[in-house]
Amino acid sequence: MSILLLTSGLPVHAQQTNVHFSHTLETRALPEKIWQLWTDVPNWKDWDDGLKSAALTGPFQQGAIGMLTPDKGPTSKFVVDSLVPDQSYTIKTKLPFGSLYVKRYLTVEEGKTQFTHEVWFSGLTKGLFARVLGKHYRTILPDVMRRISVLAENR
């Protein structure tokens, strides 16, 4: 199944596979409440079952470097690859002969907040990491998004 996404204003087809997938959810929460959760790196573990811990050195800004300890696998470094404050950001984690990207973005239409979490693997090892990690992350993503929504709505 293929869905159409808007990434930096340009339509992109995100294949709903273990290599490239996304989930969008509508919430009653204000977009700034979602943004606060998304940029509070040490507390990502509160809503992301895929993480044991996360840390960021310095403020949340483009080029910032952090560390992720996933539920499965070793601790790895990530960088805030792109950032549009209060709207979207992409983090990149280097993998052997590839990368893992996570893009999070918000839209507001007719007073309703929609937020999207998109994940994709790139490079020579994208298929391997999609099998090893992608399937698990894709499975847990809807629950992760629901937790974000509940936390944001209760703030």
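Our subject is the structure listed above.
The present account deals with the structure reproduced in this document. All of these numbers come straight from a predicted model, not from anything done at the bench.

**As for the nonpolar core**
- Core analysis: the biggest nonpolar cluster contains 38 residues, and W38 and W44 have the highest contact counts within it.
- At the level of secondary structure, the elements contributing two or more residues to this core comprise β3 (20-27), α1 (31-39), β4 (51-57), β6 (76-84), β7 (88-95), β8 (98-109), β9 (112-123) and α2 (126-153).
- By residue number, the principal contributor to this core is α2, which donates ten residues.
- Look past the residues within four positions of W38 in its chain and what remains in contact with it is W44, W47, F60, Y89, R104, Y105, L106, F115, T116 and I148.

**Quick notes on unusual backbone geometry**
- Phi at F97 takes a positive value of approximately 60°, unusual for a residue other than glycine.
- Mapped onto the fold, F97 is located in the loop between β7 and β8.
- Relative accessible area serves as the criterion here: at 65%, F97 is assigned to the exposed category.
- We note that E110 has phi near 50°; this positive angle belongs to a residue other than glycine.
- As for its placement among the helices and strands, E110 is situated in the loop between β8 and β9.

**Let's talk about the sheet that holds β4**
- Pairing is antiparallel in the open sheet, where seven strands are placed in the order β3-β9-β8-β7-β6-β5-β4. The open sheet terminates on both sides in strands that have one partner only, identified here as β3 and β4. The sheet shows a mean angle of 20° between the axes of neighbouring strands, direction not considered.
- Bridging between β3 and β9 involves eight bridges; their strand directions are antiparallel. Counterpart to L25 in the pairing with β9 is F115.

The rules we used
- Residues numbered from 1 in each chain as written.
- Predicted model: local features only at pLDDT ≥ 70, side-chain atom pairs only at ≥ 80, totals over all residues.
- Heavy atoms only, no water.
- Core = buried A, V, L, I, M, F, W, Y, C linked by side-chain atoms within 4.5 Å.
- Buried < 20%, exposed > 50% of the residue type's maximum accessible area, 1.4 Å probe, protein only.
- Helix = DSSP H or I, 4+ residues; strand = E, 2+ residues; numbered from the N terminus.
- Contact = heavy atoms within 4.5 Å.
- Pairing = 2+ DSSP bridges.
- Axes fitted to C-alpha atoms, helices over the stretch in contact; angles between N-to-C directions.

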